[in-house]
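Structural characterization, general
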Amino acid sequence: MRSSDLLLGKCEVGSGRLGVRSLAWAYSSAKRLSVYQFRPLANKCLFMNTNSLILPDSARETEAFETETLIDYWLAFRGALVRLFGEPLVDQGDDYEYLIEAVAPDGATCILAAYNGTIRSHVDDHANKPMLIAAGIALRDLVESTVPADYERTYFNSEYGTTSTYGCRDGLCYSYEARGRYTHVTQVMHEQFQQQSEAEFEQYVSWCEETGSCFHCRGKGIYHQRAGFDDAGQPILVELAEVCPHCSGSGKASQ
């Protein structure tokens, strides 16, 4: 294998245990050359046993946080995974997960998970934390250096009554949202929704300033009815009785 294959990442068709679907190589910039094989797994039984893995922030992730472009980072992250490993093992609209086996040059293995823009670990592998960290960084480096594949997803959020369409095309990522249930949300619909949301926020600020009361519970401290939206995006009232989370039951406007 050429060194350029290691630096750029090379994908091949492969097979093996635990439902391996393909093979990818990654290069990790550390004190010494560290090469791992990454194999996406098709065993959904392992999906439930993943946990967070704390990695040092990458330069690209830090830049995305500081420039408020984390959504673009997350969307590109998913597109890169699609290019490297195909479709995710679990795909639930706004949530997805890949299970990936990392194989070190000496044959040692660990299981990682790529989940919504982050790298996680398999709980049974926590005893092998040094390898998890090194392999996790190598996998993230590979994903961040890969041009995202074209993909698009649309999902409906029943809590807020909104539909989101997001994805990447020609290396550029996008995310659009509109109130109501749709099969596809366009940029024009997204801009209209933003204007509507800004008008509603101004109404919220005006109420709080004039009354000094919590807008969400109308100063009662208790939610007897919560504003919601049906599938068409039309406002409805949801019946319930619980302490208002926005004012913690005080009924006063947040400062």
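So, a few notes on the structure that sits alongside this text.

1. Re the overall build of the chain
- Scanning the chain from terminus to terminus reveals five helices and 13 strands.
- Every one of the 255 residues in the chain was classed for burial, and the buried ones make up 41%.
- Long-range pairs, those at least 24 residues apart, make up 47% of the contacts in the chain between residues at least 6 apart in sequence.
- A total of about 14,500 Å² of accessible surface is found on the chain, and carbon and sulfur atoms cover 51% of it.

2. Quick notes on the environment of P88
- By the element assignment, P88 lies in the loop between α3 (70-85) and β5 (90-91).
- Among the residues examined, P88 registers a relative accessible area of 11% and is labelled buried.
- Discounting residues that sit within four places of it in the chain, P88 has contacts with R78, Y96, E97, Y98 and R153.

3. Quick look at α3
- Taking 1.5 Å per residue as the helical rise, α3 with its 16 residues ought to reach 22 Å, and the 22 Å between its terminal C-alpha atoms agrees with that figure.
- If you check which residues of α3 are buried, you get Y73, L75, F77, R78, G79, A80, L81, V82, L84 and F85.
- Phi turns positive one or two residues past the end of α3, at G86, with a value near 85°.

4. Description of the packing of aromatic side chains
- Applying the stated criterion to the full structure yields seven aromatic pairs.
- Summarising the aromatic geometry, the rings of Y155 and Y166 are spaced 6.2 Å apart at their centres and angled 75° between planes, so their arrangement reads as edge-to-face. Here Y166 lies in strand β10 (residues 162-169) and Y155 lies in strand β9 (residues 151-157), a separation of eleven residues in the sequence.
- Residue Y166 is classed as buried on the basis of its relative accessible area, which comes to 6%.
- Chaining the aromatic ring pairs together yields one cluster made of F85, Y96 and Y98.
- Stacked on the ring of F156, the Lys or Arg R181 has its end atom at 4.0 Å from the ring centre.

Procedures and definitions
Residues numbered from 1 in each chain as written. Predicted model: local features only at pLDDT ≥ 70, side-chain atom pairs only at ≥ 80, totals over all residues. Heavy atoms only, no water. Helix = DSSP H or I, 4+ residues; strand = E, 2+ residues; numbered from the N terminus. Buried < 20%, exposed > 50% of the residue type's maximum accessible area, 1.4 Å probe, protein only. Contact = heavy atoms within 4.5 Å. Areas by Shrake-Rupley, 256 points an atom, 1.4 Å probe, with all protein chains shown as cover. Expected span 1.5 Å × (residues − 1). Phe/Tyr/Trp six-rings, centres within 6.5 Å; stacked < 30°, edge-to-face > 60°. Lys NZ or Arg CZ within 6 Å of the ring centre and 35° of its normal.

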